[in-house]
Amino acid sequence: MKKMAKKRSRWISLGHGEYSEIFSEKDFFSIVKASDHVVCHFYRENWPCKVVGKHLGILAKQHIETRFIKIQAEKNPFLAEKLKIVVLPTIALIKNAKVEDYVVGFDELGGSDGFSTEEPEERLGKGEVIFFEGESSLKPSKKPQTRNVRHGSKSNDDSDSE
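A quick note: this is a predicted structure, and the numbers were derived from the prediction, not measured.

### Considerations on unusual backbone geometry
Excluding glycine, most residues fall at negative phi; most peptide bonds, likewise, are trans.
Thought 1: Residue Pro89 follows Leu88 across a cis peptide bond; omega there is 0 degrees.
Thought 2: On the secondary structure map, Pro89 appears in the loop between α4 (77–82) and β4 (90–95).
Thought 3: Residues other than glycine seldom take positive phi values, yet Ala97 does so here, at roughly 65 degrees.
Thought 4: With respect to the secondary-structure elements, Ala97 resides in the loop between β4 and β5 (98–104).
Thought 5: You will see that Glu128, though not glycine, has its phi angle at about 60 degrees, which is positive.
Thought 6: As for its position among the elements, Glu128 is in the segment after α5 (118–126).
Thought 7: Its relative accessible area of 52% is what places Glu128 among the exposed residues.

### Focus on the pattern of salt bridges
Thought 1: Per the counting criterion, the structure on display carries five salt bridges.
Thought 2: Between Lys95 and Glu128 there is a salt bridge, with the nearest N and O atoms lying 3.4 Å from each other. In this pair, Lys95 is assigned in strand β4 and Glu128 in the segment after α5, connecting sequence segments 33 residues apart.
Thought 3: In this structure Lys95 comes out as buried when scored by relative accessible area, which is 16%.
Thought 4: As a salt-bridge pair, Glu108 and Arg123 come within 2.4 Å of each other at their nearest N and O atoms. Of this pair, Glu108 sits in the loop between β5 and α5 while Arg123 sits in helix α5, and the two are 15 residues apart along the sequence.
Thought 5: Here Glu108 falls in the partly exposed class, since its relative accessible area comes to 39%.

### Focus on the side chain of Ser20
Thought 1: In this fold, Ser20 is placed in strand β1 (residues 19–21).
Thought 2: When its relative accessible area of 17% is taken as the criterion, Ser20 is described as buried.
Thought 3: Here the side chain of Ser20 touches Arg67 through a polar contact of 3.2 Å, side chain to side chain.
Thought 4: Those residues in contact with Ser20 that sit more than four places away from it in its chain are Arg67, Phe68, Ile69 and Lys70.

The rules behind each value
- Every residue gets a number counted from 1 within its own chain, in the order that chain's sequence is written.
- Side-chain atom pairs in this predicted model are given and counted only at pLDDT of 80 or more, local residue features only at pLDDT of at least 70, and totals for whole chains, interfaces and linings cover all residues.
- Neither water nor hydrogens contribute to the side-chain values; these are computed over all heavy atoms in the structure.
- Under the DSSP-based scheme used, a helix requires at least four consecutive residues in state H or I and a strand at least two consecutive residues in state E, with every element numbered from the N terminus.
- Three exposure classes are used, based on accessible area relative to the maximum for each residue type with a 1.4 Å probe and protein chains only: buried under 20%, partly exposed in between, and exposed over 50%.
- A pair is scored as a salt bridge if a Lys or Arg side-chain nitrogen falls within 4 Å of a carboxyl oxygen belonging to Asp or Glu.
- Polar contacts here mean pairs of N or O atoms no more than 3.5 Å apart (in protein, one a potential hydrogen donor and the other a potential acceptor; neighbouring residues in sequence count only if both atoms are side-chain atoms).
- We call two residues contacting when some pair of their heavy atoms lies within 4.5 Å.

Here it is, written out as structure tokens:
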């Protein structure tokens, strides 16, 4: 437990637990070198990017093990070009100072701006930049519902035919 407390303290000192804006490529490289897991949202001031930003802000508080940042792509053209950022919003998933994956637009988040925070959480978990074991950290865990079925009786719910 002491080891985990020390880790948490270090993460907080590095800015983990917050969704913060950075303004320069220099800041980007410093952050990426300092933290093992970084989620970087390349954005512009428009509705789709604000939707993604809202969800990342929520996830930053839930997943303190990862640094969540955002940077305006148009104000940092060198970085955007170097990382091949073409569509906004784009989320870069960075592990050990290397971009491992991207989430581009809304395609992997349900295809529209009405997605829940669980969608990006699951996608970031799949990209292994957050600790995610299939249960959202945003909802209390639910046990699978079980039905009482008596042996020998057949319920209409069990039929596949319509």
